[in-house]
Amino acid sequence: MNLQDFAKLLRARWLTVCITIVVVALGAVAYTLFTTPLYQASTRLYVSAAGGSTVSEMYQGNRLSQERVLSYSELLMGETLAKRTIDKLGLDISAESLQGNVKASTKPDTVLIDLNVVDESPVRARDIANALSDEFVVMVRELETPEDGSRPEARVVVEQRASIPDSPVIPKTSRNIGAGLALGLLAGIALAVLRDLLDNTVKDRQTVEEITGAGLVGSIPLDKECRKEPAIPFDGNNSAIAEAFRKLRTNLQFLAVDNPPRVIVITSSTPNEGKSTTAINIALALAEAEHNVLLVDGDMRRPILHKYLDLVGPVGFSTVLSGRASLGEALQKTRFPGLTVLAAGTVPPNPSELLGSLTAKNLLSELRAKFDFVVMDSSPLLAVTDAAILAAAADGVLMMARFGQTKREQLTHAVGNLEDVGASVLGAVFTMTPAHGNSSYYYSYYGEDSARRSSRQALSADPAAPSPQPPSTDVP
Ligand SMILES: Nc1ncnc2c1ncn2[C@@H]1O[C@H](COP(=O)(O)OP(=O)(O)OP(=O)(O)O)[C@@H](O)[C@H]1O
Ligand SMILES: [Mg+2]
């Protein structure tokens, strides 16, 4: 994956990245709000050693002070001084916890010690810092005074006393939120990459072509209008979905040029992948190109075409096959010029048997003779054998795969079911591809070569298209 692919991946999964950033940043805000504020009070101590009157004695005294500074800072953070300070202030804390709040630091080549004390109360922080410093002055005097009671060899002076701190040093609000945002960004990117690696749905041309062993001949965008009105009015309609069906129609005409398929089964691996909607609109797109088209509802278990097209349901395919109606009685003209429909008929107890019968084969031959194209909707391949049986009797299958939903294994399994009955897959169609945004990522990320290949294969002109098309590929 190069940098460009990475940028496209992030664009495709921007929502994951944004949500992670917001969640982690909110976590940082909550952490900041729930952290007990700590105040810091500071004093500065000056260490001096008894020097002499000559320059060398003064130099020696200064060296002595610098050497002592390190030991003094250890004593400042030590247990003895902590206990003495607790006794002096009458505090109700252990020496150990006070030690944890005291930090003494020195600067190299100086005789200064900075003492910092943190506490939940600003006043107490100041009191402890001052008391600790005062006690230390006394302690050093005791330690440095020789046994004979002569002058101490070194002494400490509180050069700067502590005052009440105005604002807490903890929590560090801006640092926490900044860290939260940075961490959120990193976690979001990691999550986006991980989700991409774990995603086993079909989203790219190369995968779909490898699994089906056929080219991707169409890509139907998600269109909310389609949910309300599945039959797209093609007349003068240049919407993205109408154009997608026109491209699919064109690509269909270029499949198996020597023996163009005319009886086509529309199927998919699982339910709700857009088979029926696509079947209707492929039929309408073919009818728009002045072909005489029959749309057959071959899904006898969940017949839907009559509902999508406001037609009569109970008389249709199953009724003709069982001999209870003639073909002429069952065929229904629609409000769309050139489109005739054979509904599913009453739901039979044995759809697979009916579809696999010799009568069904003969009926399909009769329909082939009567119409330019017979488009057959069917049931999902992984649910029942009906679609595979229909496919075996037809010229071929258009395999629908719902973009980002159909899993690779499902598609593989479904194609296997078709291979078992010797049915040929004419082409694959992506359904409900996102109208904007991330679909292009997958096409270009994985399938550039293939896209170019198909682009060469695809037509240069479609006589039925309402407006001149650029050399058409089968992707949006
Ligand atoms: N291109 C599209 N844009 C938006 N919604 C769509 C599109 N295609 C199909 N749908 C919606 O998806 C749902 C399933 O569609 P459809 O009935 O065509 O699927 P199906 O594969 O035939 O389902 P089943 O397996 O039950 O027969 C319907 O609500 C339909 O309106
Ligand atoms: Mg259906």
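Higher on the page you've got the structure.
A brief look at the structure comes next. (Residues numbered from 1 in each chain as written. Chains lettered and ligands numbered in written order. Predicted model: local features only at pLDDT ≥ 70, side-chain atom pairs only at ≥ 80, totals over all residues. Heavy atoms only, no water.)

## Comments concerning the pairing of strand β12 (residues 425-433)
Of all 9 residues that make up β12, 8 are buried, and the element is covered over most of its length. Pairing of strand β5 (residues 216-221) with β12, which is carried by 4 bridges, proceeds in the parallel orientation. Bridge assignment links G218 to a residue of β12, and that residue is V429. In this region the chain leaves strand β11 (residues 396-402), passes through helix α18 (residues 408-420) and returns to the parallel neighbour β12; the handedness of that crossover is right-handed. (Buried < 20%, exposed > 50% of the residue type's maximum accessible area, 1.4 Å probe, protein only. Helix = DSSP H or I, 4+ residues; strand = E, 2+ residues; numbered from the N terminus. Pairing = 2+ DSSP bridges. Right-handed = clockwise from strand over helix to strand, strands pointing away.)

## Examining the environment of F336
Secondary-structure assignment places F336 in the loop between β8 (331-333) and β9 (339-342). Remark: the alpha-carbon pair of F336 and L309, spanning 27 residues in sequence, is separated by 10.0 Å. Residues within four places of F336 in sequence aside, it is in contact with A231, L284 and L309. (Contact = heavy atoms within 4.5 Å.)

## Focus on the packing of helix α10 (residues 240-253) against helix α11 (residues 275-288)
Following both chains from N to C, one finds α10 and α11 inclined at 75 degrees, their axes separated by 9 Å at the closest point. It follows that α10 is roughly perpendicular to α11 by the angle criterion. Note on element contacts: α11 touches α10 through T277, T278, N281, I282, A285, L286 and E288, opposite F245, R246, L248, R249, L252 and Q253. For the contact of α10 with α11, the residue count by class is 6 nonpolar, 4 polar and 3 charged. (Axes fitted to C-alpha atoms, helices over the stretch in contact; angles between N-to-C directions. Parallel < 35°, antiparallel > 145°, perpendicular 65-115°, else oblique. Nonpolar A, V, L, I, M, F, W, Y, C, P; charged D, E, K, R; others polar.)

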